[in-house]
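# Understanding the architecture of this molecule
Each chain is listed here by its residues.
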Amino acid sequence: MRPSIESALRRSAELTRNNQLVDAVNVAEAAINRATDDEHAEIQQWLNDHTDDFTGREG
């Protein structure tokens with residue numbers, strides 16, 4: 001996954017934790033839409049691995 005996409009996903013997680021859900025979805029959606037087909041599986045895995053980043057809970 002390109003660093004710019006990972007950065008956008010991290011920003012989306014931060015916005016989610018700060019209850020800025022509309023902005024979080026917009027950032028994540030833009031990143032996912034820029035991703036290549038090859039990156040989609042990696043993005044899905046990243047999201048699965050970083051669920052706590054979005055909830056603010058520690059696993």
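Whatever comes next refers back to the structure up there.
Since the structure is predicted, the reported quantities are computational estimates derived from the model, not experimental observations.

Attention now goes to the pattern of salt bridges. Oppositely charged side chains are able to pair whenever their charged atoms sit close together. Throughout the structure, instances matching the rule amount to three salt bridges. Here Arg-2 ties to Glu-39 by a salt bridge, and the two come within 2.9 Å at their closest N and O atoms. Within this pair, whereas Arg-2 is found in the segment before helix 1 (3-17), its partner Glu-39 is found in helix 3 (residues 37-49), the two being separated by 37 residues in sequence. A relative accessible area of 35% means that Arg-2 is categorised as partly exposed. Between Arg-11 and Glu-14 there is a salt bridge whose closest N-O contact spans 3.1 Å. Here Arg-11 and its partner Glu-14 are both found in helix 1, three residues apart, which amounts to about one turn of the helix.

All right, on to helix 3 then. If you check which residues of helix 3 are buried, you get Glu-39, Ile-43 and Trp-46. Buried residues of helix 3 fall within an arc of 60° about the axis and therefore sit on the same side. Turned more than 90 degrees from where helix 3 packs its buried face, Asp-37, Ala-41, Gln-44 and Asn-48 sit exposed. Of the surrounding secondary structure, the elements contacted by the buried residues of helix 3 are helix 1, helix 2 (21-34) and helix 4 (51-55).

One can find Glu-42 in helix 3. Taking the C-alpha atoms as reference, Glu-42 lies 6.4 Å from Met-1; in sequence the two are 41 residues apart. A polar contact is formed between the side chain of Glu-42 and the backbone nitrogen of Met-1, at a distance of 2.5 Å.

Taking 1.5 Å per residue, 15 residues should reach 21 Å; helix 1 reaches 21 Å between its end C-alpha atoms and fits that length. Those residues of helix 1 that fall on the buried side of the exposure criterion are Ile-5, Ala-8, Leu-9, Ser-12, Ala-13, Leu-15 and Thr-16. Seen end-on, helix 1 carries its buried residues on one side only, within an arc spanning 165°. Looking at the buried side of helix 1, the elements it contacts are helix 2, helix 3 and helix 4. Positive phi shows up at Asn-19, right after helix 1, with a value of about 60°.

Calculation criteria
- Residues numbered from 1 in each chain as written.
- Predicted model: local features only at pLDDT ≥ 70, side-chain atom pairs only at ≥ 80, totals over all residues.
- Heavy atoms only, no water.
- Salt bridge = Lys/Arg side-chain N within 4 Å of Asp/Glu carboxyl O.
- Helix = DSSP H or I, 4+ residues; strand = E, 2+ residues; numbered from the N terminus.
- Buried < 20%, exposed > 50% of the residue type's maximum accessible area, 1.4 Å probe, protein only.
- Arc of directions from axis to C-beta.
- Contact = heavy atoms within 4.5 Å.
- Polar contact = N/O pair within 3.5 Å; in protein donor to acceptor, adjacent residues only side chain to side chain.
- Expected span 1.5 Å × (residues − 1).

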